[in-house]
Amino acid sequence: MAQTPSLAEESGSTPFSSSQSITLRIARYNPQHDSAKSFMEFQVPYEKWTTVLEAILEVKKHFDHSVAVRYSCRQATCGSCGMIINGKPRLACFTKISELNSNVITVEPMNNFPIIRDLAVKFERLFDTHHKIKPYLIRDDTEITTNTKEFLQSPEELEQYIQFSNCIKCGLCNSACPTMATDSSFVGPQALAQAYRYVADSRDKGKDNRLKIIDDSHGIWRCHFAGSCSQVCPKGVDPAMGIQLLRGYMLGFRS
Amino acid sequence: MTNQDENKEGIGGMINPRRYGIERVAYLLMRLSGLGLLAYFIGHIYETSTILKGQIGWNEFLALTQTNAGHAILAIVIAMCVFHTVNGIRVMLGHGGVGVGKPARPDYPYIPASQNIRHKMGIYSAIILAAIAMMYGLAVMFGE
Ligand code: HEM
Ligand code: SF4
Ligand code: FES
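My aim in this report is to walk through the structure given alongside it, one point at a time. Note that the structure is a prediction, hence the values are computed from the model and not measured.

**Details of the site of ligand 2**
Then, in step 1: Lining the immediate surroundings of ligand 2 are 13 residues, of which A:Cys167, A:Cys170, A:Gly171, A:Cys173 and A:Cys233 lie closest.
Then, in step 2: Here the residues of the shell around ligand 2 are counted per class, giving nine nonpolar, two polar and two charged.

So, in structure tokens, the structure goes:
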């Protein structure tokens, strides 16, 4: 045990008892009155299982509670805690400090999203583009009026899109995308992957409608298949696959 | 809106090849070689138009390509041409949904099926063929 009282012993409530620590560099920026981003450094103890989000919350608890960060579920489900961690977009709650293999951990707000403050970014555009591709089943009848009371689907038909329905709208893909880096009107990998999710759903009849929406000057054609979206997705959605399969329909490679 | 408001990563982020594997390197090389070939194409039209000034003009301009710098530029053009063509075929197939994998329930650690060995082999082949063609070109041009 440590000779001098550690933070953990002082507060009595934190889970950290480790003597290992890392330097956590947190980007601070308030667009209301700061002209540029600056960094604040904190020494944070950690265990093998400590996540970056827990380290940030440790800072808020003991050093500076004004650090702005968005989170909710702490288990890679709500999609709130995306940020740039050591240069790449990742979920803070799904990234362990020990897996980063570095004594210094730098956290910054996600790229390609306007900053609210510090690590919290605006999601309006992502929600708008997601909404734009009509993320719901399109068909004339409803489950209430059909005889069967439900739209039947075979397990094989389910496999066609279930992967893409894992999306938690965290925006990491949009942050990694090279097109998004210069074109904020681009519909983006998140929305395109969801367009595929519905087009590939055997219950959906809105394929032509959706393909028309993404056949736009800032639509699917701006994707160059760099694949960075798929490399950062924390849920295995593989937006790049969905986008190319979608483009396969439009180019006549698939029907 | 200004760049700061949007917090876009900008051209620096777009061209940074270090973070997202060989696929992002291929993306960068494809753009650079496309633009390089476009520049060469324009230069080539200008070069061949010197024939309008008669044989002397033509020969004068052609002499430029016989210098060491001219040879080096042509070698780079050969490499760009081979990479752009081979990788272009890979990209066109990928864009059509060929070889990008099939939808399946993903499992941790979520290796994306679209970033698969077939496409990686395509990229490495394009780079290796470009290097071989460039070396062959250098051997012919400097080997006289
Ligand atoms: C057989 C030969 C060629 C093939 C198969 C090919 C294929 C392609 C493909 C598939 C793309 C799109 C890449 C992407 O989406 O990121 C592309 C882009 C491009 N190509 Fe080619 N191309 C060829 C020859 C040429 C030539 C001769 C030139 C120049 C005169 C050229 C100039 C360009 C340019 C400027 C781009 C845009 C680069 C960018 O902004 O990313 N290409 N090519
Ligand atoms: S596709 Fe993946 S990275 Fe993109 S928003 Fe959905 S879960 Fe996040
Ligand atoms: S806190 Fe919910 S995804 Fe990280």
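Following the structure, the description resumes.
**Focus on helix 6 (residues 188–199) of chain A**
For an α-helix the count is 3.6 residues per turn, leaving residues at separations of three or four pointing the same way.
Residue and element names in this part refer to chain A.
Then, in step 1: In this model helix 6 runs 17 Å from its N-terminal to its C-terminal C-alpha over 12 residues, within 8% of the 16 Å that 1.5 Å per residue would give.
Then, in step 2: Within helix 6, 12 of the 12 residues are buried, which leaves it mostly tucked inside the rest of the structure.
Then, in step 3: Every buried residue of helix 6 is accounted for by Gly-188, Pro-189, Gln-190, Ala-191, Leu-192, Ala-193, Gln-194, Ala-195, Tyr-196, Arg-197, Tyr-198 and Val-199.
Then, in step 4: Where helix 6 is buried, its residues touch helix 3 (124–132), helix 5 (172–176), helix 7 (207–214), helix 8 (228–232) and helix 9 (239–251).

**Topic: the coordination of the iron atom of ligand 1**
Then, in step 1: Within the protein, a single donor atom binds the iron atom of ligand 1, namely B:His84 (NE2) at 2.0 Å.
Then, in step 2: Considering the arrangement of structural elements, one finds B:His84 in helix 5 (residues 68–95).

**Observations concerning a nonpolar patch on the surface**
Residue and element names in this part refer to chain B.
Then, in step 1: A contiguous nonpolar surface patch, about 730 Å² in accessible area, is contributed by Leu-29, Leu-32, Tyr-124, Ile-127, Ile-128, Leu-129, Ile-132 and Met-135.
Then, in step 2: Of all elements in the fold, only helix 3 (21–49) and helix 6 (117–142) reach the threshold of two or more residues within the nonpolar patch.
Then, in step 3: In terms of residue count, the dominant contributor to the nonpolar patch is helix 6 (six residues).
Then, in step 4: Among the secondary structure elements, Ile-132 is positioned in helix 6.

**What about the interface of chain A and chain B?**
Then, in step 1: Taken together, the 52 residues of chain A in the interface contact 37 residues of chain B.
Then, in step 2: Taken together, both faces of the contact between chain A and chain B bury some 3500 Å²; the carbon and sulfur share is 55%.
Then, in step 3: At the junction of chain A and chain B, the tally comes to two salt bridges.
Then, in step 4: With a shortest N-O distance of 2.9 Å, B:Arg105 and A:Glu159 are connected by a salt bridge.
Then, in step 5: At the surface where chain A touches chain B, the tally comes to 18 residue pairs in polar contact (both at pLDDT 80 or more).
Then, in step 6: Secondary structure elements with two or more residues in the side of chain A that touches chain B: strand 4 (88–91), helix 4 (155–159), helix 5, helix 8 and helix 9 of chain A.
Then, in step 7: Among the elements that take part in the side of chain A that touches chain B, helix 9 of chain A stands out by supplying seven residues, more than any other.
Then, in step 8: Residue composition of the side of chain A that touches chain B, by class: 26 nonpolar, 18 polar and eight charged.

**Quick notes on the packing of aromatic side chains**
Then, in step 1: Summed over all chains, the structure comprises eight aromatic pairs over all chains.
Then, in step 2: Aromatic pair A:Phe113 and A:Phe123: ring centres 5.2 Å apart, planes at 40°, arrangement tilted. Here A:Phe113 is found in the loop between strand 5 (104–108) and strand 6 (115–117), whereas its partner A:Phe123 is found in the loop between strand 7 (120–121) and helix 3, with 10 residues between them in sequence.
Then, in step 3: Residue A:Phe113 is classed as buried on the basis of its relative accessible area, which comes to 3%.
Then, in step 4: Geometrically, the ring pair formed by B:Tyr46 and B:Phe61 is edge-to-face, given 5.7 Å between the ring centres and 70° between the ring planes. Of this pair, B:Tyr46 sits in helix 3 while B:Phe61 is found in helix 4 (residues 54–64), placing the two residues 15 residues apart along the sequence.
Then, in step 5: Judged by its relative accessible area of 24%, B:Phe61 is partly exposed.
Then, in step 6: Through a chain of ring-to-ring contacts, three or more aromatic side chains come together here, namely A:Phe94, B:Tyr108 and B:Tyr110.
Then, in step 7: The ring of A:Phe151 is capped by A:Arg139, whose NZ or CZ atom sits 3.6 Å from the centre of that ring.

**Some thoughts on the environment of A:Ile97**
Residue and element names in this part refer to chain A.
Then, in step 1: One can find Ile-97 in the loop between strand 4 and strand 5.
Then, in step 2: By relative accessible area, which is 2% here, Ile-97 ends up buried.
Then, in step 3: With 46 residues separating them along the chain, Ile-97 and Thr-51 place their C-alpha atoms 5.6 Å apart.
Then, in step 4: Residue contacts for Ile-97: discarding those within four places in its chain leaves Ile-22, Tyr-46, Thr-50, Thr-51, Val-52, Ala-55 and Ile-105.

Rules of the game
Along each chain, the written sequence defines residue order, and numbers are assigned to residues from 1. Here chains are named by letter from A upward and ligands by number from 1 upward, in the order in which they appear as written. Per-residue local features of the predicted model are confined to residues with pLDDT of at least 70, and side-chain atom pairs are confined, for both listing and counting, to 80 or more; whole-chain, interface and lining totals are unaffected and use all residues. Where side-chain values are given, they derive from all heavy atoms of the structure, hydrogens and water being excluded. Put simply, a residue is near a molecule or strand once any heavy atom of it comes within 4 Å of that molecule or strand. The classification used treats Ala, Val, Leu, Ile, Met, Phe, Trp, Tyr, Cys and Pro as nonpolar, Asp, Glu, Lys and Arg as charged, and all other residues, Gly among them, as polar. Put simply, DSSP H or I for four residues or longer makes a helix, DSSP E for two residues or longer makes a strand, and each gets a number counted from the N terminus. Residue count minus one, scaled by 1.5 Å, sets the expected span of a helix. For the exposure calls, accessible area comes from a 1.4 Å probe over protein chains only, and a residue counts as buried if that area is under 20% of its type's maximum, exposed if over 50%, partly exposed in between. Only heavy atoms matter for contacts: two residues are in contact if any of them lie within 4.5 Å across the pair. For Na, K and Ca the donor cutoff is 3.2 Å, while for all other metals N, O and S atoms count as donors only within 2.8 Å; water does not appear among the atoms, so some sites may look incomplete. Here, patches come from residues exposed beyond 30% relative accessible area and free of salt bridges, joined within 9 Å for like charges and within 5 Å for nonpolar side chains (Val, Leu, Ile, Met, Phe, Trp, Tyr). For every accessible area listed, the method is Shrake-Rupley and the probe measures 1.4 Å; residues are considered covered only by the protein chains on display. Any Lys or Arg side-chain nitrogen found within 4 Å of a carboxyl oxygen on Asp or Glu counts as a salt bridge. Buried area: the accessible surface (1.4 Å probe) lost by two parts on joining, summed over both. Whenever two N or O atoms come within 3.5 Å, that pair is a polar contact, provided that in protein one can donate a hydrogen and the other can accept it, and provided that, for residues adjacent in sequence, both atoms are side-chain atoms. For Phe, Tyr and Trp, where Trp contributes only its six-membered ring, two rings pair if their centres lie within 6.5 Å, and the inter-plane angle classes them as stacked under 30 degrees, edge-to-face over 60, or tilted in between. In this analysis the charged atom, NZ for Lys or CZ for Arg, is taken to sit over a ring once it is within 6 Å of the ring centre and within 35 degrees of the ring normal.

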